[in-house]
Amino acid sequence: MRLALFDLDHTLIPFDSGMAWTRFLIERDALEPGFEAVYLALCQQYVAGTIGIEALHRASVAPLARHPHAVLARWAQEFEMRMAPRLPAGSRAVVARHREAGELCVLVTATTRFIAEPFARLFGIAHVLATEAERIDDRLTGEIDGLPCHREHKLQRVNAWLATAGLHLQAFERSWFYSDSAGDLPLLQAVTHPVAVRPDARLRAHALQHGWPIVDMDVEPSHAAR
């Protein structure tokens, strides 16, 4: 058995999916035009470590609480079509090669599920581990349901998901995780084939020190996926 895990933002795609979703909603008058600047400032605070993922999630999801699930589902379909031309050929090729080899492919992302799933469908990835948005009476609350799927929690989420099928990471002959962020080191260190994609400075240094491949998924990295 073989397992291929993929981060989303700045890994499979060279941009922030939350910002793409924010701009999409502004175009549909679902968010105020000034919210793009608000979201960007929140992202910068999150990267700087001055706010947690819970605050970022709350600020970006809470404004959608007034919309029922059916409306969000329709927007997600439209968003998927809008994002299709933006998928890098290299990323599509790497995912396709893993999938065609019969390897179990999973998107593992801190992104909220309803934003992540359109990208998973576009890449042909059947399984998604993502941050879950809390809902009450079919409406988003702005809170996170359970643990966010980021940093050390990614490894916990992968282990828990595999356990439901009676599996564990060590059961796989080969396993890959593609990521851009040093925050994902717990999961990167747990697989047999970690791959640094457009890595941040800390991950780049770690990858160089340990001989991990460093790739740019905008072009197909033929050596990384095998």
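You'll find the structure just up there.
The shown structure was predicted, so the numbers you read here are calculated from the model rather than taken from an experiment.

Bringing the pattern of salt bridges into the picture now. Summed over all chains, the structure comprises 15 salt bridges. Across the pair Arg 113 and Glu 117 runs a salt bridge whose closest N-O atoms are separated by 3.0 Å. Remark: Glu 117 and Arg 113 occur in helix α6 (residues 113-123); sequence separation between them is 4 residues, near one turn of the helix. Its relative accessible area of 28% is what places Glu 117 among the partly exposed residues. One salt-bridge network, in which partners are shared between bridges, spans Glu 27, Arg 28, Arg 74, Glu 78 and Arg 82.

By size, the foremost hydrophobic cluster in this structure holds 52 residues, and its most contacted members are Phe 6, Leu 12, Trp 21, Leu 107, Phe 119 and Ile 125. Setting aside its immediate chain neighbours within four residues, Ile 125 contacts Phe 6, Leu 12, Val 95, Cys 105, Val 106, Leu 107 and Ala 120. Formed by 20 residues, the second largest nonpolar core is a distinct cluster that contains Leu 129, Phe 172, Leu 185 and Ala 207.

The rules behind the values
- Residues numbered from 1 in each chain as written.
- Predicted model: local features only at pLDDT ≥ 70, side-chain atom pairs only at ≥ 80, totals over all residues.
- Heavy atoms only, no water.
- Salt bridge = Lys/Arg side-chain N within 4 Å of Asp/Glu carboxyl O.
- Helix = DSSP H or I, 4+ residues; strand = E, 2+ residues; numbered from the N terminus.
- Buried < 20%, exposed > 50% of the residue type's maximum accessible area, 1.4 Å probe, protein only.
- Core = buried A, V, L, I, M, F, W, Y, C linked by side-chain atoms within 4.5 Å.
- Contact = heavy atoms within 4.5 Å.

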